[in-house]
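This is what each chain is made of:
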Amino acid sequence: MSRLKPPDGEAPYLTLAGVSKNYGAIRVLDEVSFSIRKGEFVCFLGPSGCGKTTLLRVIAGLESQSAGDIQQDGREIARLPASERDFGIVFQSYALFPNLTATENVGFGLKGRGLSRTDIARRCAELLELVGIAEHAAKYPSQLSGGQQQRVAIARAIAMQPGLLLLDEPLSALDARVRARLREEMRDLQRKLGITTIMVTHDQDEALSMADRVIVMNRGRVEQFDTPSTIYRDPSTAFVAHFVGDINTTQAVFQDRGQVQVGDRLIACRSDRSYLASTTVLVSIRPEEVVLRPRAASGGNVFSATVETVEFSGILSRIRLSVPDFSQRPIHACVLGNQIEALNIREGEELSVALPAEKLMLFSVEGDAAC
Amino acid sequence: MLNSLTGHAPSHIVQKSARDERSLTLLLGAIFLFQIVTIVLPLCFLLIRSVQDNDGGFVGLANFRRFMTEAGLAQAAINSVFISSISTVITVSLGFAFAYLLTRTRTPFRSTFRALSMIPLLAPSLLPALALIYLFGQKGVLRDLMFGHSIYGPIGIVMAEVIFAFPQAVLILSTSLLMADQRLYDAALAMRAGPVRSFLAITLPSCRYGLVSATLAVFVKVFTDFGAPAVIGGSYPVLATEIFKQVIGLFDFSMGAVVGLCLLVPALLSFIIERRVLRGNVSMVSAQSVPLTIKPNRARDLAFLIFGGVVGICFVALVGITAFGSVVRYWPYNLSLTWAHYNFEAVDNTGLSVYAHSILLALLTSLFGTALVFLGAFLVETVRGAAQLRAAVHFLSMVPLAIPGLVLGLSYIFFFNNPDNPLNVVYGTMTILVLSTIVHFYTVPHLIALTALKQIDREFNAVCASLRVSRYRMLRSIVAPICLPAIVDIWGYLFVNAMTTVSAVIFLFSADTQLASITIVRWNDAGKIAPASAMSIVIFVTIAVFMLLKNLLLARSIHSTQQWRSR
């Protein structure tokens, strides 16, 4: 399915401006601002306690913000109670009504809206068909599997045709196999309906594979708001770099644009970021960008290394190396399985690693991200 | 198809939910007001009355001084403490052994024993007292066992109170004995500790809290019980009968207020003590605990079988002897059978109407009480904001547990019989009996409702808000059906207690609202033991039938409307 993105420049559907929330002295949300386009699928990604769920509940009106404005579809909603906002919601616990069948759950909000009984029944049937559990329509939640329950919850959330769909860790309670399948189905469904969606998750794979754009959060702040590939390839902070994907990091001293000093070695680095000369910075590289070469060698961006362990895991293998000239701690490299033999990689073997200048990233040292 | 599933919610769907929320807060406010009127104000009037003379003049602590110096009253206080202490020690010891039998042995017939031990709950506290009179009274079949002592007095009171308080002790103690971690016992065994040592080192400490809680509950229950001393106390004064004598016999309402405050003391103390103990209570059982497996042990199980058998037979005998006494012509001289004592019309002119009043009271109390308690608990759990109001309503829902029925009844006299109170129209009516009974038994149902509500997914509120479904519809279609078993429990609890209660209503009934339970006291006082027994058997049977019907109904409705509970 092709990615149908709304054209840029269109008015944003949901805008948060300076949203903050305090619990007593604790600041759970700190000046959160961003805009989401209509039809976009956005993930809030972050470690537990980063404020992502609180942010979702603030958008839904289930919790109130201490400061800030929220606009949805041109309407100021920050002061409205949840029941006057326009959203559907799905929880990790599904929160299905246990005393109602799947159909009754889906139709619960449709009753008393002036729709005829047959209209409601048809709508429920369509929705259950859409999420692929039409054959379980008459069952109670306790008779359904976790994945089936979550599908009912999704059907119920979209039954009222909300402008915004909120998903609070919807897949976390499911086992890995069901999770992977539901991930795909949910994304397809979202594209098909074109409904603006926000999903909270702590699972980076989920966020990267499902979202059009990802908001990485830490300590109540937005660290970065970008497409999954930008977040991975060009993380804006050391926190994002470490939270999303694997990375090797060591401390360095910034010399000038294009050069940093690691230990007593000067290495080339083609990052666009610039610092005052002699500032302490972090220099990082993804494991898959580390290039392994047979035989020990040293000079420039090439360091001699010793293989500590080789961890085989299917297509890729993860190799732990000690590279004393680069870092006190071991660094990791990822290589295709067939290269192991080609490069004669074995534990205790001496070889060299090249760290391509254009793949090295620089970050400023932050209190919480020193790794 | 997709067209119907996309796009925006029509604006007419966005509806008046803020009004909804406000009306819920208003409802909560109304319940708060109800509690102020039915709990706080009456108690204030009681307090004020205790520092006034009987003409309403302020006399400071003179009444309290009179209480200390008047021989009968001080003696009654000492007697109450004495009776309650002895009864508590006996009840908690027997209750612990019985709870141990139920939870930690493999004695056969455990579920039968459990059912038998609950018999006293189904009858007014007067029934065991009547049974004791049949057994050990002047004409009792076992009076020789008394060795010349009279059953009318401390011995009789203690025996009746032990029976009366026994079920509660067993319930509390078996709950705390149930929580156990097999690993602790395995570890003790590995360290070669014998059964006595592991009992002292593991079992006792782990139910320390249950023991404290049972001790306090039993003490307060006995200290404030009116039924048993009224029937079997003879001339032995205790505070519970003294308050009645001061108010109804001597019209000394101020002294009644002082005695009422004395009755409150143990409840308040136990509240404080329980808080203290609870704070230090670290559970020995965690989520990873391994449930106890009880190995068979012939000697132990045989000993407990004998113990359980004796207790069970005693309880059956109590009801049996009372029932028997109510159908013999003239105990113990003419044992030919007759239904004559059940002809209540012949006993006095109130006749059968007292039974009808009791049924009416039980029905009204259980109906309105259940609705009020459940709504109150629902609002306490779900109203958004208004945190102080919610806390206040919750607190006032807990207060009735600490107010003895006699004190509540007396304070209702002071408040509702006040000519300046516009509410005094309810005085002497069925309404005030229903009100006082609901308030008297409010706390336990409130806790049952809260427990049930807390098990409901708290995200239902959010889901209903997103579906723009009103909270009233959520209460009706989701919350109430899920909580149906708890609601039925509350209903049953209120019905049974309204049927058997004596203490609060004894100050409040009028000639037109005589109750069956009170009639038993009256007839017993007049020496009409057989009709009194007949009436207690009628109440006992009524409750037993009611419980049976209730359980059948519940089983039925679970079968037809609650099939979602089963997989």
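The shown structure was predicted, so the numbers you read here are calculated from the model rather than taken from an experiment.

1. Notes on the overall build of chain B
Right, so step 1: Across its full length, chain B holds 25 helices and two strands.
Right, so step 2: Considering only C-alpha atoms, chain B reaches an extent of 90 × 75 × 50 Å along its principal axes.
Right, so step 3: Here chain B holds 567 residues, and the buried ones make up 52% of them.
Right, so step 4: In chain B, 80% of the contacts between residues at least 6 apart in sequence involve partners at least 24 apart.
Right, so step 5: Just so you have it, chain B exposes about 25600 Å², and 68% of that area is on carbon and sulfur atoms.
Right, so step 6: Taking the 39 positively charged and 23 negatively charged side chains of chain B as two groups, their mean positions are separated by 12 Å.

2. Points about the side chain of D225(B)
Residue and element names in this part refer to chain B.
Right, so step 1: Examined against the element boundaries, D225 turns out to sit in the loop between α10 (208-224) and α11 (227-232).
Right, so step 2: Here G227 takes part through its backbone nitrogen, which lies 3.4 Å from a polar atom of the side chain of D225.
Right, so step 3: Those residues in contact with D225, other than ones at most four positions away along the chain, are S125, E161, F164 and A240.

3. As for a nonpolar patch on the surface
Residues and elements named next belong to chain B.
Right, so step 1: Residues F82, I86, V89, I90 and L94 make up a contiguous nonpolar surface patch of roughly 400 Å² in combined accessible area.
Right, so step 2: Within the secondary structure, L94 is located in helix α4 (residues 71-104).
Right, so step 3: Judged by its relative accessible area of 33%, L94 is partly exposed.

4. Looking at the domain arrangement of chain B
Interface size, as often reported, equals the accessible area lost upon joining of the parts.
Residues and elements named next belong to chain B.
Right, so step 1: For chain B, the assigned domains are domain 1 (16-51 + 357-515) and domain 2 (62-283).
Right, so step 2: Each of domain 1 and domain 2 was reduced to a C-alpha centroid, and the two centroids are 27 Å apart.
Right, so step 3: Counting from both sides, the interface comprises 19 residues of domain 1 and, opposite them, 24 residues of domain 2.
Right, so step 4: Together domain 1 and domain 2 conceal approximately 1800 Å² of surface at their shared face, both sides included; 83% is due to carbon and sulfur atoms.
Right, so step 5: The largest share of the area that domain 1 buries against domain 2 comes from S50, L406 and F507, three residues that together contribute 27% of it.
Right, so step 6: Put simply, domain 1 and domain 2 have zero salt bridges between them.
Right, so step 7: With five residues, helix α18 (residues 405-416) is the largest single contributor of residues to the side of domain 1 that touches domain 2.

5. Structural notes on helix α5 (residues 176-193) of chain A
Right, so step 1: With 18 residues, α5(A) extends 26 Å from end C-alpha to end C-alpha; this agrees with the ideal 26 Å at 1.5 Å per step.
Right, so step 2: Within the span of α5(A), buried status applies to V178(A), L182(A), R183(A), M186(A), L189(A), Q190(A), R191(A) and L193(A).

6. Points about empty space enclosed by the protein
Residue and element names in this part refer to chain A.
Right, so step 1: Applying the stated criterion to the full structure yields six cavities of 30 Å³ or more.
Right, so step 2: Estimated volume of the largest cavity: approximately 70 Å³.
Right, so step 3: The wall of the largest cavity is formed by F41, I154, L165, L167, M186, L189, Q190, L193, I195 and T197.
Right, so step 4: When contributions to the lining of the largest cavity are tallied by element, the ones reaching two or more residues are β7 (164-168) and α5.
Right, so step 5: The element best represented in the lining of the largest cavity is α5, accounting for four residues.

7. Examining the pattern of salt bridges
Right, so step 1: Across all of its chains, the model carries 25 salt bridges over all chains by this definition.
Right, so step 2: Where salt bridges share partners, they join R37(A), E40(A) and R213(A) into one cluster.

8. Remarks on the sheet that holds strand β17 (residues 316-322) of chain A
All names here are of chain A.
Right, so step 1: Strands sit in the order β15-β19-β16-β17-β18 across an open sheet of five strands; the sheet is antiparallel. Of all the strands in the sheet, just β15 (291-294) and β18 (331-336) have a single pairing partner and so form its edges. Neighbour-to-neighbour, the strand axes of the sheet open up by a mean angle of 45°, direction not taken into account.
Right, so step 2: Pairing of strand β16 (residues 302-313) with β17 involves seven bridges; the strand directions are antiparallel. When the sheet's bridge partners are listed, S313 is paired in β17 with L316.

Parameters at a glance
Residues numbered from 1 in each chain as written. Chains lettered and ligands numbered in written order. Predicted model: local features only at pLDDT ≥ 70, side-chain atom pairs only at ≥ 80, totals over all residues. Heavy atoms only, no water. Helix = DSSP H or I, 4+ residues; strand = E, 2+ residues; numbered from the N terminus. Buried < 20%, exposed > 50% of the residue type's maximum accessible area, 1.4 Å probe, protein only. Contact = heavy atoms within 4.5 Å. Areas by Shrake-Rupley, 256 points an atom, 1.4 Å probe, with all protein chains shown as cover. Lys, Arg positive; Asp, Glu negative; His and termini not counted. Charge placed at Lys NZ, Arg CZ, Asp CG, Glu CD. Polar contact = N/O pair within 3.5 Å; in protein donor to acceptor, adjacent residues only side chain to side chain. Patch = residues over 30% accessible without salt bridge, like charges linked within 9 Å, V, L, I, M, F, W, Y side chains within 5 Å. Salt bridge = Lys/Arg side-chain N within 4 Å of Asp/Glu carboxyl O. Domains from an automatic or database assignment. Buried area = accessible area lost by both parts, 1.4 Å probe. Expected span 1.5 Å × (residues − 1). 1 Å grid on protein atoms, 1.4 Å probe; cavity = no way out; pocket = protein on both sides within 12 Å on 5 of 7 lines; lining within 4 Å. Points joined across faces, edges and corners; volume = space filled by probe spheres on them. Pairing = 2+ DSSP bridges. Axes fitted to C-alpha atoms, helices over the stretch in contact; angles between N-to-C directions.

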